[in-house]
Amino acid sequence: MADVLHLLRTATAAEHEDVERTLDLLDPDLDRPRLTGVLTRMHGFWRAAEAGLDGWAVRHPADAEVVSWGVRRRTGLFEADLRTLGAPPAAAEPELAPVADTDAALGRLYVLEGSTLGGTFIDRHLTGLPGLGGVRLRAFSPYGTRTGAMWHAFRGVTRDRVARGGDLDVMLASATGTFRALADWCRSADAAA
């Protein structure tokens, strides 16, 4: 059987690209107001996504501990980044599918944790943009030099879950649904602006 992380990556490639196109954070003309708008949408999304994961963690505390859920939360970092940019926290958030079990949680976390890998590129890009010099944001790459280690640990937990009989189809559906919900949420905010 193919590696679960490879299957997740290939099965969600179109949705992942849709999110990247929608957010367009590597745009060379990205300015402070548009960055603030994107962070506001992401804050609302992360708040909803993490609320679902918090409910899962209450029902499955041992699994939440294995994946180190407590140190992976980023809602507060998005809120702090908005404060850094002089903006209020998100006033709205999307309604997301509940996280029924650990397989669904790992699918959602695949999207949230995977974004920290791209976040390192986004951070580097932001430092070179006019009008954003000296602005230090934390939500895009919350782990700093530990990004690779945190991703490696997540991959290990996910692979182990599938090896012990976890439901890959549930993980795939959750990851795909999370990517789609993020893109739809950000597109709807653009349309409302």
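Residues numbered from 1 in each chain as written. Predicted model: local features only at pLDDT ≥ 70, side-chain atom pairs only at ≥ 80, totals over all residues. Heavy atoms only, no water.

Turning to the overall build of the chain, a few remarks are in order. Looking only at helices and strands, the chain features nine helices and zero strands. Starting at the N terminus and ending at the C terminus, the chain contains elements arranged as α-α-α-α-α-α-α-α-α. In terms of C-alpha radius of gyration, the chain reaches 16 Å, essentially the compact-globule figure of 16 Å for 193 residues. Expressed as a percentage of its 193 residues, the buried residues of the chain come to 47%. A total accessible area of about 9200 Å² is found for the chain, and carbon and sulfur atoms account for 57% of it. If you average the places of the 22 positive and of the 26 negative side-chain charges in the chain, the two averages end up 4 Å apart. (Helix = DSSP H or I, 4+ residues; strand = E, 2+ residues; numbered from the N terminus. Rg over C-alpha atoms; globule rule 2.2 N^0.38 Å. Buried < 20%, exposed > 50% of the residue type's maximum accessible area, 1.4 Å probe, protein only. Areas by Shrake-Rupley, 256 points an atom, 1.4 Å probe, with all protein chains shown as cover. Lys, Arg positive; Asp, Glu negative; His and termini not counted. Charge placed at Lys NZ, Arg CZ, Asp CG, Glu CD.)

So, on to the nonpolar core. Counting 53 residues, the largest nonpolar core has L25, L35, W56, Y110, L126 and F140 as its most contacted members. Mapped by element, the contributors of at least two residues to this core are α1 (4–11), α2 (13–23), α3 (32–59), α6 (75–84), α7 (102–127), α8 (147–163) and α9 (168–192). No other element matches α3, which puts ten residues into this core. In this view, L126 contacts L30, L35, L132, L137 and F140; residues no more than four positions away in its chain are not counted. (Core = buried A, V, L, I, M, F, W, Y, C linked by side-chain atoms within 4.5 Å. Contact = heavy atoms within 4.5 Å.)

Before going further, it helps to spend a moment on the environment of L82. Along the polypeptide, L82 turns up in helix α6. Considered as a pair, L82 and T40 are 42 residues apart in the sequence and their alpha carbons are 7.0 Å apart.

A complete count under the given rule lists five aromatic pairs for this structure. Between the aromatic rings of F45 and W46, the centroid separation amounts to 6.0 Å while the plane-to-plane angle is 70°, which identifies the pairing as edge-to-face. Residue F45 shares its accessibility class with W46, and that shared class is buried. Ring geometry for W46 and F78: centres 5.0 Å apart, planes at 50°, overall tilted. (Phe/Tyr/Trp six-rings, centres within 6.5 Å; stacked < 30°, edge-to-face > 60°.)

The next subject is the layout of surface pockets. When its volume is computed, the largest pocket comes out at roughly 650 Å³. Around the largest pocket, the lining is made up of 29 residues, and of these H16, E20, G114, S115 and G118 lie nearest the centre. Taken together, the elements giving at least two residues each to the lining of the largest pocket come down to α1, α2, α3, α7, α8 and α9. Counting residues per element, the lining of the largest pocket draws most heavily on α7, which supplies nine residues. Its residues assigned to classes, the lining of the largest pocket shows 16 nonpolar, six polar and seven charged. (1 Å grid on protein atoms, 1.4 Å probe; cavity = no way out; pocket = protein on both sides within 12 Å on 5 of 7 lines; lining within 4 Å. Points joined across faces, edges and corners; volume = space filled by probe spheres on them. Nonpolar A, V, L, I, M, F, W, Y, C, P; charged D, E, K, R; others polar.)

Below, the discussion takes up the side chain of D27. Here D27 shows up in the loop between α2 and α3. According to the relative accessible area criterion, D27 is buried, its value standing at 16%. Within the structure, the side chain of D27 is placed 2.8 Å from the backbone nitrogen of D29, a separation counted as a polar contact. Apart from residues no more than four positions distant in its own chain, D27 is found in contact with R34, H125 and L129. (Polar contact = N/O pair within 3.5 Å; in protein donor to acceptor, adjacent residues only side chain to side chain.)

Looking now at α1. Among the residues of α1, V4, L5 and L8 are the ones counted as buried. Buried residues of α1, viewed axially, fall in a sector of 100°; they line one side. By the N-cap criterion, in which a side-chain oxygen at the helix start approaches the backbone nitrogen of a residue two or three places on, α1 is capped by D3, the distance to L5 being 3.0 Å. (Arc of directions from axis to C-beta.)

Two side chains of opposite charge can pair, provided their charged atoms sit close to one another. For the structure on display, the rule yields 16 salt bridges. E93 serves as the salt-bridge partner of R47, at 2.5 Å between the closest nitrogen and oxygen. In this pair, R47 is assigned in helix α3 and E93 in the loop between α6 and α7, connecting sequence segments 46 residues apart. Take R47: its relative accessible area is 25%, and that puts it in the partly exposed class. Where D160 meets R164, a salt bridge forms, and the shortest distance between an N and an O atom there is 2.9 Å. (Salt bridge = Lys/Arg side-chain N within 4 Å of Asp/Glu carboxyl O.)

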